[in-house]
Amino acid sequence: MIVGYLKKNVHGNGYNDVDLINKAAWHQSGKVSFYPEGADGGRISSCPGRQNIDVESLDIADYLEENPCDFLKMDIEGGEEPVLAACENHLKNVRDRKSTRLNS
């Protein structure tokens, strides 16, 4: 799975204070139906008849309420509208820091 590569990259580069959560970013905790589209792509799906899989989901609003963070990355493939609407009031818990860009 992709999260294995992420763990290897993050922790292998010494970032041991990074929390990686292997769950779907969503507007409620529980399970959500996901349609995998190939190697590493997919999206939330409510279409019956597809090869959907159920994945664990995390309510981002609840998480941010309890866990202020420096950086938030969500790859939510079509779920942006309900998720961002649900966590709008909690985005203030993502600290406002000037980003540092590494030049290659």
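Check the entry above for the structure.
Here goes a summary of the coordinates provided. All values derive from a computational prediction rather than experimental measurement. (Residues numbered from 1 in each chain as written. Predicted model: local features only at pLDDT ≥ 70, side-chain atom pairs only at ≥ 80, totals over all residues. Heavy atoms only, no water.)

1. Things to note about the pattern of salt bridges
Summed over the entire model, instances satisfying the criterion amount to two salt bridges. For lysine 31, the salt bridge is made with glutamate 56, and the minimal N-O distance between the two is 3.0 Å. Of the two residues, lysine 31 sits in strand 2 (residues 30–36) while glutamate 56 sits in strand 4 (residues 53–59), which places them 25 residues apart along the sequence. Residue lysine 31 is classed as exposed on the basis of its relative accessible area, which comes to 55%. A relative accessible area of 37% means that glutamate 56 is categorised as partly exposed. As a salt-bridge pair, arginine 95 and aspartate 70 come within 3.0 Å of each other at their nearest N and O atoms. With arginine 95 in the segment after helix 3 (80–87) and aspartate 70 in the loop between helix 2 (60–66) and helix 3, this pair connects stretches of sequence that are 25 residues apart. (Salt bridge = Lys/Arg side-chain N within 4 Å of Asp/Glu carboxyl O. Helix = DSSP H or I, 4+ residues; strand = E, 2+ residues; numbered from the N terminus. Buried < 20%, exposed > 50% of the residue type's maximum accessible area, 1.4 Å probe, protein only.)

2. Describing the pairing of strand 4
With three bridges joining them, strand 1 (residues 24–26) and strand 4 adopt parallel strand pairing. Pairing of alanine 25 across the sheet is with leucine 58, part of strand 4. Pairing of strand 2 with strand 4, which is carried by five bridges, proceeds in the antiparallel orientation. Residue phenylalanine 34 lies in a different strand from strand 4, and its bridge partner there is isoleucine 53. (Pairing = 2+ DSSP bridges.)

3. Topic: the pairing of strand 2
As defined by bridge partners, strand 2 adjoins strand 3 (residues 42–44) across three bridges and the pair is classed as antiparallel. Bridge pairing links tyrosine 35 to arginine 43 in strand 3.

4. Observations regarding the environment of tyrosine 63
Note that tyrosine 63 resides in helix 2. Taking the C-alpha atoms as reference points, tyrosine 63 and serine 29, separated by 34 residues in sequence, lie 9.8 Å from one another. Among all residues touching tyrosine 63, those that are not within four sequence positions of it are Asp19, Ile21 and Leu58. (Contact = heavy atoms within 4.5 Å.)

5. What to know about the nonpolar core
If you look at the biggest cluster of nonpolar residues, it comprises twelve residues: Ala24, Ala25, Trp26, Val32, Leu58, Ile60, Ala61, Leu64, Cys69, Ile76, Val83 and Cys87. Going through the elements one at a time, strand 1, helix 2 and helix 3 are the ones with two or more residues in this core. Look past the residues within four positions of isoleucine 76 in its chain and what remains in contact with it is Ala25 and Val83. (Core = buried A, V, L, I, M, F, W, Y, C linked by side-chain atoms within 4.5 Å.)

6. Points about the sheet that holds strand 3
Pairing between sheet strands relies on hydrogen bonds along the backbone, with the strands arranged either parallel or antiparallel. Taken in spatial order, the four strands of this open sheet run 1-4-2-3, and their pairing is mixed. Pairing within the sheet leaves two strands with one partner each, and these edge strands are strand 1 and strand 3. The mean inter-strand angle of the sheet, taken between neighbouring strand axes irrespective of direction, is 50°. (Axes fitted to C-alpha atoms, helices over the stretch in contact; angles between N-to-C directions.)

7. Quick look at the side chain of aspartate 59
Residue position: aspartate 59 is located in strand 4. Despite its burial, aspartate 59 remains without a salt bridge, the nearest opposite charge being carried by lysine 23 at 12 Å. Reaching out from aspartate 59, the side chain makes a polar contact with the backbone nitrogen of alanine 61 at a distance of 2.9 Å. One polar contact links the side chain of aspartate 59 to the main-chain amide nitrogen of aspartate 62, over a distance of 3.1 Å. Those residues in contact with aspartate 59, other than ones at most four positions away along the chain, are Trp26, His27, Gln28 and Ser29. (Lys, Arg positive; Asp, Glu negative; His and termini not counted. Polar contact = N/O pair within 3.5 Å; in protein donor to acceptor, adjacent residues only side chain to side chain.)

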